[in-house]
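What the coordinates show
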Amino acid sequence: MLCWSRNLYSFAHMEQKLKAILDTYLRSKGTLITLLQQTEAAFGYVPEEAVTWLSKMLDIPESRFFGIATFYSQFHLTPTGKNTITICCGAACHIKGGDKILEETKSALALNKDEETTKDLSFTVQSATCIGACSIAPVVILNDQVYGNMDPAGVVKLVKGYEKEGEYTGFEYD
Amino acid sequence: MNTTEQRGVTIKVCMGTSGKASGGEDVLSIFKKLIQLNGIEAQIDRRCGYKKVGCRGFCSKDVLVDVVIDNHKVTYQSIRPVMVERIVKEHILQGTPVSEWLTQDDYESYHSKQCKIVLGPCGEIDPESIEDYISIQGYRAAKRAVTQMNRDEIIKRVIESGLRGRGGSGFFTGRKWEICKARPEDTKYIICNVGEVNRPLAEGNPHAIIEGLLIGGYAINAAKGYIYIRERYHLSVERLRNAINQARAKGFIGPNIFGADFCFDIDFSFGTEAFICGEETALMESIEGKRAMPRVRPPFPVQRGLWGMPTVINNAETFSNIPLIIGKGAKWFSSIGTQESKGTKVFTLSGKVRNVGLVEIPMGMSFRDIVYGIGGGMEGDKALKAVQVGGPSGGLIPASMIDMGLDYENLFKIGSIVGSGGMVVFNEDDCIVSVTKFFTEFLQRESCGKCPPCRIGTKRMLELLTKMTEGKAEYGDLATLERLTGLMKTSSLCGLGRSAPNPFITGLNYFRDEYLSHIKEKKCPAGVCTALISFSITEDICKGCTLCKKVCPAGAISGDVKKPHKIDADICIKCGACYKACKFKAIRIK
């Protein structure tokens, strides 16, 4: 599982985790993408130190890693929040007000337009292109749970519910 | 159907993405709890079973629940966890279905117009059970193919069926396989791309995809198959992984399949969020762990593909058709559809229609039948404006062409593509220019940047379209756009750049007036582009209820109780809150 007290990571701790990742990579004949995916999963983002370390161990230039990490939107180069809220902005969600939901979510978490993660690292807000659940548009995903037929008020309720409880307990269907 | 279904009680709860999102998991667990609590097991001889089933399409009325008692099935719609208790008490214990929660006529008409050959088992069988799949003749086609047919026979049958790729350009699947099989290389690969629209298939009937991939692998003599899927589609990944493990345990994949001299294994390749990965060569770059930038063709993937070896790529829907073609024959398959486009196509019908959800239609069905038959008509009886088919790079089909049949030829003719299966319905309140700008914004962001026509073209397109929506466009801009999109169509490296102008070109063809009023009159007829509209209150209609004044976030509305209100255009931020709040339709958008 993800460890959220990343700021407390010592380099030794990070190295230990990276060794395990490198080991799986070498055994399963992975690619740089899978390597970065595992790094992202272990730390919640791709730390620069991790890339430096991996680059040295594998003798692959750092630029190759960053080239991939900046190409795909799934990779983050700065720490992400404990909870991830994804707003679908595909066509079907768009015409049903997906962009309004994105706006509302950001303002509920006091984020400005270009910010993704709250200062206390509790939330990361991101938009997705299409998640294939067009029939229940507009769609919001909180961590792994999909919520359909959302509206701005609903998403605020969702976010506030989390803020209050710390750990989420459920959502009322009405 | 197996024996447990013929006797006793079976409860089937929809557990597709939509079903789960509407609380399917909770509904199922409450059913389980209440049934145990009520000791129904004892009363009905331990004959009560539960099934999680995949998506059955009618997502707008989720959670859908089937209750089958002694082979008599009824379906409930829009079930919430709190409603379960009454169903258990009145229906399962006392035998009287709760009539007001049953599905209505629209459920019947939604399904009766469709032709569910690929989606048929979704929503009926348990997607996590290989036994369920085998009970509907599953893996029988694969066994026949591997043990009784030679490779050319299989390919010939697929060619005869007329099956075309369900992903992008609609190339004939059998031809693709034929070219790949004829290559001299020893190592070949076969890849199944699971896109967003294929998710319900992967979640509802994953074994059909595995079986199709296995048959394809045998036909081209590949030893290795890949399933390319985005990591974030958790449920699809989980169900496919489970299906692969079950098939491996049964010996359907692995060494010496069905006792024949054929070894085949399937691996996952986890893709990431990138629209460009729908392009075959970009997808292969991504599997190889590089930036997903398309390669120059030729050589085509069937000649030099993954790791430089001949590779076949088809999408999950194409593969799901394969067991049916091998099992039921090419003639049966080609009897469905039109002269050139055979079989069916799965779409996610969405937008401003009454019944949204997953639909499977025979090729050639008219848009009228789709929107007004299956879709149950327009939401709120508004006027249909256009239907967008094929995702962001598909074309807009205007309401005037609603009687056109949906197949590859017709869509190519008007400058659209079948694409992977998105279908969005727009009504009179949607602005074509704004919608086109939205699609272009997306494509500009997703352009990989390798070739200038697409990288610079999409950027310039977006700038010009933005000017139009902001009322800053000049006459020449339309001509510039036309010339630019023509260049992009002919000179881009891959399909993304070549099809990016589709929404604009089709939009301009059929909605030129709307473009002109944005440019010439600086007006947005649909009332969407905020820079071009103004809000005002019709004094005769306004009752002075003060509701608009209360909801206005900018404080732009003034007026006394029971007297007509006024909007100060200088303060108004054009958010539309008053328009939505007004119960008397007194707010006008111009």
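The structure displayed is predicted, hence computed values, not measured ones.

This part takes up the overall build of chain B. In terms of regular secondary structure, chain B is built from 26 helices and 17 strands. At 27 Å, chain B has a C-alpha radius of gyration in line with the 25 Å of a compact globule built from 590 residues. Projecting the C-alpha coordinates of chain B onto the three principal axes gives extents of approximately 85 × 70 × 40 Å. When burial is assessed residue by residue, chain B has 58% of its 590 residues classed as buried. Averaging the coordinates of the 80 positive side-chain charges in chain B and doing the same for the 65 negative ones gives two points 2 Å apart.

The strands making up a sheet are joined through hydrogen bonds of the backbone, oriented either antiparallel or parallel. Residues and elements named next belong to chain A. Read across the sheet, 4 strands follow the order 2-1-3-4 without closing on themselves; strand pairing throughout is mixed. On the outer flanks of this sheet lie strand 2 (123–128) and strand 4 (145–147), each paired with one strand and no other. Across the sheet, the axes of successive neighbouring strands diverge by a mean angle of 20 degrees, strand direction being ignored. Bridge analysis of strand 1 (residues 83–88) against strand 3 (residues 140–142) gives 3 bridges, and the strand direction is antiparallel. By the bridge assignment for strand 3, Ile 87 is matched with Val 140. On the sheet, helix 6 (residues 98–108) packs against strand 1, strand 2 and strand 3 and is oriented at approximately 155 degrees with respect to strand 1.

What follows is about helix 10 (residues 173–182) of chain B. Residues and elements named next belong to chain B. Inspection of helix 10 places Thr 173, Gly 174, Lys 176, Trp 177 and Cys 180 among the buried residues, and these make up the whole buried set. One face of helix 10 carries all of its buried residues, which in axial projection span an arc of 160 degrees. On the buried face of helix 10, the contacting elements are helix 9 (151–161), helix 12 (206–220), helix 14 (280–287), strand 8 (311–315) and helix 15 (316–328).

A separate point is the nonpolar core. A:Phe65, A:Tyr72, B:Ile191, B:Ile276, B:Met468 and B:Tyr515 are the most contacted members of the largest nonpolar core, which totals 90 residues. In terms of residues, this core owes the most to one element, helix 19 (residues 432–446) of chain B, which gives 7 residues. If sequence neighbours within four positions are ignored, A:Phe65 has contacts with A:Leu32, A:Leu35, A:Leu36, A:Val51, A:Leu54, A:Ser55, A:Leu58 and A:Ile60. The next biggest cluster of nonpolar side chains, apart from the first, holds 79 residues, and it includes A:Cys134, B:Ile209, B:Ile215 and B:Leu240.

Below, the discussion takes up the pattern of salt bridges. Residues and elements named next belong to chain B. Tallied over the full model, the rule gives 36 salt bridges over all chains. Salt-bridge contacts for Glu 279 lead to Arg 297; the nearest nitrogen and oxygen are separated by 2.9 Å. Here Glu 279 is found in the loop between strand 7 (265–271) and helix 14, whereas its partner Arg 297 is found in the loop between helix 14 and strand 8, with 18 residues between them in sequence. For Arg 297, a relative accessible area of 32% gives the class partly exposed. Measuring nitrogen to oxygen at the nearest pair gives 2.7 Å for the salt bridge that ties Lys 382 to Asp 429. Taken as a pair, Lys 382 in the loop between helix 17 (367–374) and strand 11 (384–389) and Asp 429 in the loop between strand 13 (422–427) and helix 19 lie far apart in primary sequence, 47 residues in all. Taking the relative accessible area as the measure of exposure, Lys 382 reaches 31% and is therefore partly exposed. The network of salt bridges with shared partners includes Lys 12, Asp 66, Lys 73 and Glu 124.

Further remarks concern unusual backbone geometry. All names here are of chain B. In this model, Arg 297 is joined to Pro 298 through a cis peptide bond whose omega is -5 degrees. As for its placement among the helices and strands, Pro 298 is situated in the loop between helix 14 and strand 8. Along the chain, Pro 298 connects to Pro 299 via a cis peptide bond; the corresponding omega equals 0 degrees. Mapped onto the elements of the fold, Pro 299 is located in the loop between helix 14 and strand 8. Even without being a glycine, Ser 78 presents a positive backbone phi close to 50 degrees. Structurally, the position occupied by Ser 78 is in the loop between strand 4 (72–76) and helix 5 (84–93). On the basis of relative accessible area, Ser 78 is assigned to the partly exposed category, the value being 28%.

Each partner contributes residues to the interface: chain A has 37 residues there, and chain B has 52 residues. Summed over both partners, the interface of chain A with chain B buries about 3200 Å², with 60% contributed by carbon and sulfur atoms. Scanning the region where chain A abuts chain B turns up 1 salt bridge. Put simply, B:Glu379 and A:Lys96 hold a salt bridge, and the shortest N to O gap is 3.6 Å. Here chain A is connected to chain B by 6 residue pairs in polar contact (both at pLDDT 80 or more). Of all elements in the fold, only helix 2 (32–43), helix 4 (62–71), helix 5 (91–95), strand 2 and strand 4 of chain A reach the threshold of two or more residues within the side of chain A that touches chain B. Across the side of chain A that touches chain B, the residue classes tally to 18 nonpolar, 15 polar and 4 charged.

Criteria and thresholds
- Residues numbered from 1 in each chain as written.
- Chains lettered and ligands numbered in written order.
- Predicted model: local features only at pLDDT ≥ 70, side-chain atom pairs only at ≥ 80, totals over all residues.
- Heavy atoms only, no water.
- Helix = DSSP H or I, 4+ residues; strand = E, 2+ residues; numbered from the N terminus.
- Rg over C-alpha atoms; globule rule 2.2 N^0.38 Å.
- Buried < 20%, exposed > 50% of the residue type's maximum accessible area, 1.4 Å probe, protein only.
- Lys, Arg positive; Asp, Glu negative; His and termini not counted.
- Charge placed at Lys NZ, Arg CZ, Asp CG, Glu CD.
- Pairing = 2+ DSSP bridges.
- Axes fitted to C-alpha atoms, helices over the stretch in contact; angles between N-to-C directions.
- Contact = heavy atoms within 4.5 Å.
- Arc of directions from axis to C-beta.
- Core = buried A, V, L, I, M, F, W, Y, C linked by side-chain atoms within 4.5 Å.
- Salt bridge = Lys/Arg side-chain N within 4 Å of Asp/Glu carboxyl O.
- Buried area = accessible area lost by both parts, 1.4 Å probe.
- Polar contact = N/O pair within 3.5 Å; in protein donor to acceptor, adjacent residues only side chain to side chain.
- Nonpolar A, V, L, I, M, F, W, Y, C, P; charged D, E, K, R; others polar.

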